[in-house]
Every structure is written in C-alpha cells, then in structure tokens.
Amino acid sequence: MIKGLLKVVAYIVVCVLLQVTVFNHIHLFNLMTPFLYLYAIAKIPAGFTRVQVIWMAFITGLLVDIFSGTLGIHAAASTLIGYYRNPLMHAFTDKEMLEDASPSYVTLGTGAFMKYIVCLTFLHHTALYAIESLSLFDPPYLLLRIASSTMLTTLCLFVIEAFHMERRSGEL
C-alpha cells in the first residue's frame, strides 16, 4: 500500500508540474486544452477506497488551482471524478483487480480502459467547463469546448499510457 501511495504521489507531482508549466498554455483553436493531471487520478491503484481517491483527486485539483490562479474549478471537477472513479472502473470490467494494480490497458483490457478514460475525461470536462462558464449563455460553444477538449485530453492520456506500457514491457 505504501509503494502504491508513493507511486500516486509521484504521478501527482509530475502531472501537476507538467500541467501548470506546459499544458495550461496550450489552447488549440481557442477551444481545446489538454488536462494531463487527469492521468494521475486515473492511475490511482484499485485498492484505494473511495474516500482516499476523493481526497487525492481533490488535492491534485487544488494544486492545479493554486499554481494556475483559478478559483477551485479544478478541485471541484477533480473531486467529482474522484467520487465516480471506482464505480466507473468496475463498470467497464468484470475482472477482479489486484489491490495494488493501477488501471491500464493490461489490467482492465484495452477496450475497458479506453471507455474508462473517455468517461472519466468527459465527466471532468463537463463539470470543469460548466463551472467555468457559470451560465449556459452559449450552449453550442460550451458543448464544442467539452467535446474537443475531451478528445484532445483522451488522446494525450492514451499516448502516455501506451508509452508507459511500452517502457514497462521493455524492463521485463
């Protein structure tokens, strides 16, 4: 459990640093922004309780808020996905995961992992952009931002996981 916690803390530190130094400054077509820090939340091992996941997700979002100068929108959206992470993970797989296993292409299966990441990302982006807009003044633009950022973030997370998986298989 301690090894899993240290790995999660390392993921959080690296992902938050990359988010606030690099990815917060990427705005493709003024619509799409990749949110890499979701990877740290998605990779929390299966053995962590819902309360532990919620706290880690909240702290991750709060760190992004602190270093980005936003007023709690990342903490709120991250807390929401922390709440739904375990049920989503179990909804897309019928396998019993080991306590210290992190969700990946290997542990969940490729299709289940992709569905898990897409749903987690869509839920996060919907909450984030709905809170950020504070109104439904321009629903088509809001929906376009949610959809395009979800696609970009999902693509980034799939690529990172593929490289992470390739690196692990090279170590064996």
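Reference entry: report on the structure contained in this document. Worth saying up front: this structure is predicted, and the values here are computed from it rather than measured.

1. A closer look at the environment of Cys119
Inference 1: Note on placement: Cys119 falls in helix H6 (residues 110-133).
Inference 2: According to the relative accessible area criterion, Cys119 is partly exposed, its value standing at 31%.
Inference 3: The sequence separation of Cys119 and Leu80 amounts to 39 residues, and the corresponding C-alpha distance is 12 Å.
Inference 4: In contact with Cys119, other than residues within four places in its own chain, are Leu88 and Phe92.

2. Quick notes on H6
Inference 1: Look at H6: 34 Å from first C-alpha to last across 24 residues, which is about the 34 Å you get at 1.5 Å a residue.
Inference 2: All buried positions along H6 are accounted for by Ala112, Phe113, Tyr116, Ile117, Leu120, Thr121, His124, His125, Ala127, Leu128 and Tyr129.

3. A few points about the pattern of salt bridges
Inference 1: Counted by the stated rule, this structure contains 2 salt bridges.
Inference 2: Here Lys43 makes a salt bridge to Glu161, at a shortest N to O gap of 3.1 Å. Here Lys43, found in the loop between helix H2 (38-42) and helix H3 (50-68), pairs with Glu161, found in helix H7 (residues 139-171); they are 118 residues apart in sequence, far enough to count as distant.
Inference 3: The exposure class of Lys43 is buried, given its relative accessible area of 1%.
Inference 4: A residue is classified by how much of its surface remains accessible, and Glu161, at 0% relative accessible area, is buried.
Inference 5: A salt bridge links Glu132 to Arg145; the shortest N-O distance between them is 2.9 Å. One end of the pair, Glu132, is in helix H6; the other, Arg145, is in helix H7, and 13 residues separate them in sequence.

4. Topic: helix H4 (residues 73-91)
Inference 1: In a regular helix each residue adds 1.5 Å, so 19 residues correspond to 27 Å; H4 covers 27 Å between its end C-alpha atoms and thus fits that length.
Inference 2: Within the span of H4, buried status applies to Ile73, His74, Ala75, Ala77, Ser78, Ile81, Gly82, Arg85, Asn86, Leu88 and Met89.
Inference 3: The inward-facing, buried residues of H4 contact H2, H3, helix H5 (105-108) and H6.

Rules of the game
- Residues numbered from 1 in each chain as written.
- Predicted model: local features only at pLDDT ≥ 70, side-chain atom pairs only at ≥ 80, totals over all residues.
- Heavy atoms only, no water.
- Helix = DSSP H or I, 4+ residues; strand = E, 2+ residues; numbered from the N terminus.
- Buried < 20%, exposed > 50% of the residue type's maximum accessible area, 1.4 Å probe, protein only.
- Contact = heavy atoms within 4.5 Å.
- Expected span 1.5 Å × (residues − 1).
- Salt bridge = Lys/Arg side-chain N within 4 Å of Asp/Glu carboxyl O.

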